[in-house]
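Residue strings, one per chain:
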Amino acid sequence: MVRRASLTTLACIFALGALAGPNALRAQDHEPDHDMSSEHEGQMPGPLLPDLAADVETVRDKLLGLANAIPEELWEWRPGEGVRSVAEVFLHVVADNYFIPMAVGVAAPEWTGIDPDDYATTRAFEERTLTRAQIIAELGDSFEHLAKAMAEVDEHRLGRDVMLFGHESTAQEAWILTVTHLHEHLGQMIAYGRVNGIVPPWSM
């Protein structure tokens with residue numbers, strides 16, 4: 001079921017890209033940000049979390065770049081009925097940047113009202129009506145919170161059991177989900193931008 005949902009998500013993203021023409025989703029939209037050379041072959045890998053944190057930093061820069069590149073008149077644009085708008089996607093990212101780390105014991109700021117045992121509070125948080133400037137500011141703040149949380153992780157406790165979205169998981173799986181969730185919505189926002197003629201700032 002999860003595999004089918006993932007394939008459906010990918011199909012939707014690439015279908016959106018196709019609407020903008022053959023150059024809609026170009027390779028540089030997702031070009032690697034790190035040298036993948038073989039100079040470190042044979043060496044033991046380092047700790048997991050610093051690598052995940054570095055990846056989150058890259059995604060943060062790209063999402064903020066897209067948020068600033070998409071003009072205000074497009075923030076209510078959505079690809080179809082029942083699908084999140086530009087503004088709603090960014091607010092969803094903000095909400096889950098606070099919610100997912102709560103599974104591993106990192107409290108969200110009290111002002112968010114997010115309860116780790118009640119996802120309805122997370123939905124209420126992301127369904128607020130804010131201006132474009134407010135959403136961009138909150139997006140940046142949520143990534144600061146996430147970066148601080150990841151910097152304080154004890155690598156030796158990544159195997160401990162946690163509950164995430166009502167299912168048993170591990171702390172490591174929760175942090176990996178944090179990163180893959182961000183990449184899912186980065187791809188979504190690249191597609192939204194391309195459909196509307198917005199070139200990702202890093203691929204200009």
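From a predicted model like this one, the values you see are computed outputs, not experimental measurements.

Cut-offs used in this document
Residues numbered from 1 in each chain as written. Predicted model: local features only at pLDDT ≥ 70, side-chain atom pairs only at ≥ 80, totals over all residues. Heavy atoms only, no water. Helix = DSSP H or I, 4+ residues; strand = E, 2+ residues; numbered from the N terminus. Buried < 20%, exposed > 50% of the residue type's maximum accessible area, 1.4 Å probe, protein only. Areas by Shrake-Rupley, 256 points an atom, 1.4 Å probe, with all protein chains shown as cover. Expected span 1.5 Å × (residues − 1). Phe/Tyr/Trp six-rings, centres within 6.5 Å; stacked < 30°, edge-to-face > 60°. Lys NZ or Arg CZ within 6 Å of the ring centre and 35° of its normal.

S.K.: Any details on the overall build of the protein chain? Residues and values, ideally.
M.R.: Regarding its fold elements, the protein chain presents 6 helices and 2 strands. The buried share of the protein chain, reckoned over its 204 residues, is 39%. Per element, the accessible surface of the protein chain, about 11,700 Å² overall, is 54% carbon and sulfur.

S.K.: Explain helix H6 (residues 171-195) residue by residue, including any values.
M.R.: Across its 25 residues, H6 extends 37 Å between first and last C-alpha, which sits within 8% of the 36 Å expected from 1.5 Å per residue. Looking at the residues trailing H6, positive phi occurs at Gly197, about 75 degrees.

S.K.: Kindly report on the packing of aromatic side chains, identifying the contributing residues and their values.
M.R.: Between two aromatic rings, the relevant description is the distance of the centres plus the angle of the planes. For the structure shown, the criterion picks out 6 aromatic pairs. With 5.7 Å between their ring centres and 55 degrees between their planes, Trp111 and Phe125 make a pair best called tilted. Taken as a pair, Trp111 in the loop between helix H3 (86-102) and helix H4 (119-126) and Phe125 in helix H4 lie far apart in primary sequence, 14 residues in all. In this structure Trp111 comes out as exposed when scored by relative accessible area, which is 52%. The class of Phe125 is buried, set by a relative accessible area of 3%. Through pairs of rings, three or more aromatic residues link up here, namely Tyr98, Trp111 and Phe125. Against the face of Phe125 rests Arg128, its NZ or CZ located 3.8 Å from the ring centre.

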